[in-house]
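A structural walkthrough
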Amino acid sequence: MTSTPRTARFMDGTALAREIGDRTAARAAALTARTGKAPCLATVLVGEDPASVTYVKMKRNRCAKAGIESRHVELPADITTEQLVATLTELSEDPDVHGILLQHPVGEHIDERAAFEAIAPGKDVDGVTMTSFAAMGFGLPGFASCTPGGIMRLLDAYGVDPTGKRAVVVGRSAILGKPVGLLLLGRNATVTYCHSRTTNLSEVIREADILVAAVGRPEFIRGEDIKQGAVVIDAGYNPGNVGDVHFNSAAERASLITPVPGGVGPMTIAVLLEQTVDAAERQTA
Ligand code: NAP
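No experiment lies behind these values; they were computed from the predicted model shown. (Residues numbered from 1 in each chain as written. Predicted model: local features only at pLDDT ≥ 70, side-chain atom pairs only at ≥ 80, totals over all residues. Heavy atoms only, no water.)

Reading across the sheet, the six strands line up as β1-β9-β8-β7-β5-β6 and stay open at both edges, with parallel pairing between neighbours. Of all strands in the sheet, those with a lone pairing partner are β1 (9-10) and β6 (190-194), marking the two edges. With four bridges connecting them, strand β5 (residues 166-170) and strand β7 (residues 210-213) associate as parallel partners. Residue pairing across strands places Ala167 opposite Ile210, the latter belonging to β7. (Pairing = 2+ DSSP bridges. Helix = DSSP H or I, 4+ residues; strand = E, 2+ residues; numbered from the N terminus.)

Further remarks concern the layout of surface pockets. Empty space within the largest pocket amounts to approximately 1,200 Å³. In this structure, the largest pocket is lined by 39 residues; those nearest its centre are Tyr55, Thr147, Ala235, Tyr237 and Thr268. Elements supplying a minimum of two residues to the lining of the largest pocket: α2 (50-66), α6 (146-157) and α10 (264-284). Top contributing element to the lining of the largest pocket by residue count: α2, with seven residues. Split by residue class, the lining of the largest pocket holds 19 nonpolar, 14 polar and six charged. Considered as a void within the structure, the second largest pocket measures approximately 380 Å³ in volume. If you trace the second largest pocket, you find 20 residues lining it, with Gly142, Ala144, Gly149, Met152 and Leu183 closest to the centre. For the lining of the second largest pocket, the secondary structure elements donating two or more residues are α5 (130-138), α6, α7 (177-186) and α10. For the lining of the second largest pocket, the class distribution of residues is nine nonpolar, five polar and six charged. (1 Å grid on protein atoms, 1.4 Å probe; cavity = no way out; pocket = protein on both sides within 12 Å on 5 of 7 lines; lining within 4 Å. Points joined across faces, edges and corners; volume = space filled by probe spheres on them. Nonpolar A, V, L, I, M, F, W, Y, C, P; charged D, E, K, R; others polar.)

Structure (structure tokens):
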């Protein structure tokens, strides 16, 4: 007897991001009515990298739609670490700015960590400071890294409780792999991190009840390595709108899967805007 291939349900990040966006816009409007000033996100762009220019433009457009003011700061590519730190410190001290986003990468000559640490933790709505990272680790209140925060929201929206599940995170970057593993651990998953030195990667991936792909390699993870019924979160975004998971073969085995585009991607900006309004509410309470 032949069995029909199982087809996973999509996790619709576009629809969920829209719902979160509507609630964020309502909260922004209420705050503006109460204080006479809209929540304000400062976006800081170093240089003219086309992808970074596009990302910042998208974020500012979404701010405008949600009734969040954005203050854009453009800095030349040859700015020094000291000058960038001074700009971020000034924004951190400015009472009219509630959240700060430093678009990265910022250029190899700059000490990116020093720049991130110049962002006041209360305004770190992109979740990039050591304070925010530690809060994720300790399970304390704070701003999540936006993409990992968005992934957790998707799991919640689709009724996936990580408790007791085997979660495998492929990738260990500071903005994505590591924090999403911490958040899953905080929700009682048994977490395994994989990276470029992992041996027997396929075997580890096959154990995953929840798989997070955060590698940056197109269609790197194939369906044959996915456990039947697994929840597959593809955070990858590669040229040609392709994720890190081979979608068609993975969808035959997974129970839930995020499409690319339209899965994790839209959630990142939704969480950024939501955290900007969180920050503004706290600062104006
Ligand atoms: P990254 O900093 O380049 O990290 C990639 C990770 O993958 C590293 O930890 C690396 O291991 C690991 N890796 C590389 N080759 C591997 C291999 N052959 N086997 C196992 N692991 C391997 O990338 P990132 O910034 O985390 O981004 C990852 C992906 O997510 C990219 O496609 C990016 O575009 C996407 N992304 C999407 C969003 C969004 O909003 N949707 C946000 C951020 C990133 P090592 O640590 O050993 O080098």
